Amino acid sequence: MTVGLYFGSFNPIHVGHLILAESVRSRAKLDRVWFVVSPQNPFKDKASLAPATDRLAMVERAIEGNPGLDATNIEFSLPQPSYTIATLRALAAQHPGYRFCLLLGADSLASLPKWKEAEAILSGYDLYVYPRLGTEVPPELLARPNVHWVAAPVLELSATSIRSRLALGESVRYEVTQPVLDYIHYYGLYGAKG
């Protein structure tokens with residue numbers, strides 16, 4: 001089984017995440033895409049994060065009913081902050097018959113050389129890269145044989161913007177699924193009003 005790993009904070013998960021996951025899964029002919037909910041991204045401020053269990057619950061609600069998408073909490077039991085290479089090794093140990101690959105935005109690919117053990121990731125895994133507005137990827141990264149460009153939709157949705165508008169009591173309907181929006185309001189996440 002070939003599983004694409006879509007790492008992220010998903011703070012909160014929005015329809016842009018879902019569209020990209022489904023688009024890359026279909027175009028790259030992956031069996032499944034797993035949303036890897038990161039408790040703490042080493043490049044992001046932890047103070048703005050909703051609790052990891054809430055973010056996982058929102059992902060599970062967002063993908064319910066899609067047999068090609070799953071959520072995993074693998075990083076919850078790994079040392080913090082989360083490093084992609086450690087997660088890949090843990091997943092390989094738990095699922096020896098699976099072939100894992102990564103779904104990355106062009107911005108993530110451009111910054112990948114700064115990641116822990118970047119060369120192990122670049123040489124050991126297929127990377128399915130989708131476009132991001134305003135991001136130029138160094139040609140030497142795109143030339144790698146295991147880097148595959150996927151013509152997925154370019155969406156300008158932002159979890160940061162969604163959080164800000166929730167705190168102001170503004171509508172984010174259709175930017176997040178209704179089950180996710182219901183969860184946010186029920187638990188009062190992101191200072192959501194109303």
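Above: the structure in question.
Conventions and cut-offs
Each chain carries its own residue numbering, running from 1 in the written order of its sequence. The model is predicted, so local features are restricted to residues of pLDDT at least 70 and side-chain atom pairs to those at 80 or more, both for listing and for counting; the totals for chains, interfaces and linings are taken over all residues. Think of the side-chain values as coming from all heavy atoms in the structure, minus any hydrogens and water. Pairing of aromatic side chains requires ring centres within 6.5 Å, counting the rings of Phe and Tyr and the six-membered ring of Trp. Pairs whose planes differ by under 30 degrees are stacked, by over 60 edge-to-face, and all others tilted. We call a charge positioned above a ring when the Lys NZ or Arg CZ atom is no farther than 6 Å from the ring centre and deviates by at most 35 degrees from the ring normal. Working definition of a nonpolar core: buried Ala, Val, Leu, Ile, Met, Phe, Trp, Tyr and Cys residues. They are joined through side-chain atoms within 4.5 Å. Categorising residues by exposure relies on relative accessible area from a 1.4 Å probe, with only protein chains included: less than 20% of the type maximum marks a residue as buried, more than 50% marks it as exposed, and the intermediate range marks it as partly exposed. Helix and strand definitions follow DSSP, with helices as H or I runs of at least four residues and strands as E runs of at least two, each counted in order from the N terminus. In this analysis, two residues are considered to be in contact whenever any of their non-hydrogen atoms come within 4.5 Å of each other. Salt bridges are defined as contacts in which a side-chain nitrogen from Lys or Arg sits within 4 Å of a carboxyl oxygen from Asp or Glu.

Some points on the packing of aromatic side chains
Thought 1: Scanning all chains against the criterion turns up 9 aromatic pairs.
Thought 2: Aromatic rings pair up to connect Tyr 6, Phe 10, Phe 35 and Tyr 130 into one cluster.
Thought 3: A cation sits over an aromatic face here: Lys 116 above Tyr 83, 4.9 Å from the ring centre.

Remarks on the nonpolar core
Thought 1: Of all hydrophobic cores here, the largest spans 37 residues; its most connected members are Tyr 6, Ile 13, Val 24, Phe 35, Met 58, Leu 166 and Ile 184.
Thought 2: Among the secondary structure elements, those contributing two or more residues to this core are helix H1 (15–27), strand S2 (32–37), helix H2 (52–63), strand S4 (99–105), strand S5 (127–130), helix H7 (159–167) and helix H8 (178–187).
Thought 3: The dominant element in this core, judged by the number of residues it contributes, is H2, at 6 residues.
Thought 4: Every residue in contact with Met 58, bar those within four places of it in the chain, is listed here: Pro 12, Ile 13, Val 180, Tyr 183, Ile 184, Leu 189 and Tyr 190.
Thought 5: Formed by 27 residues, the second largest nonpolar core is a distinct cluster that contains Val 3, Leu 104, Ala 106 and Trp 115.

A short note on unusual backbone geometry
Thought 1: Following Asn 11, the chain continues into Pro 12 via a peptide bond in cis, with omega recorded as 5°.
Thought 2: As for its placement among the helices and strands, Pro 12 is situated in the loop between strand S1 (2–8) and H1.
Thought 3: With a phi angle near 50°, Phe 10 is a residue other than glycine that sits in the positive phi range.
Thought 4: With respect to the helices and strands, the residue Phe 10 is situated in the loop between S1 and H1.
Thought 5: The phi dihedral of Tyr 174 is positive, around 75°, even though this residue is not glycine.
Thought 6: Within the secondary structure, Tyr 174 is located in the loop between H7 and H8.

Looking at the pattern of salt bridges
Thought 1: Inspection of every chain in the model, using the stated rule, returns 7 salt bridges.
Thought 2: Residues Arg 32 and Asp 70 are paired through a salt bridge, measuring 2.3 Å at the closest nitrogen-oxygen approach. Here Asp 70 lies in strand S3 (residues 69–72) and Arg 32 lies in strand S2, a separation of 38 residues in the sequence.
Thought 3: With a relative accessible area of 22%, Arg 32 lands in the partly exposed category.
Thought 4: As a salt-bridge pair, Arg 165 and Glu 175 come within 2.6 Å of each other at their nearest N and O atoms. In this pair, Arg 165 sits in helix H7 while Glu 175 sits in the loop between H7 and H8, placing the two residues 10 residues apart along the sequence.
Thought 5: According to the relative accessible area criterion, Arg 165 is buried, its value standing at 18%.

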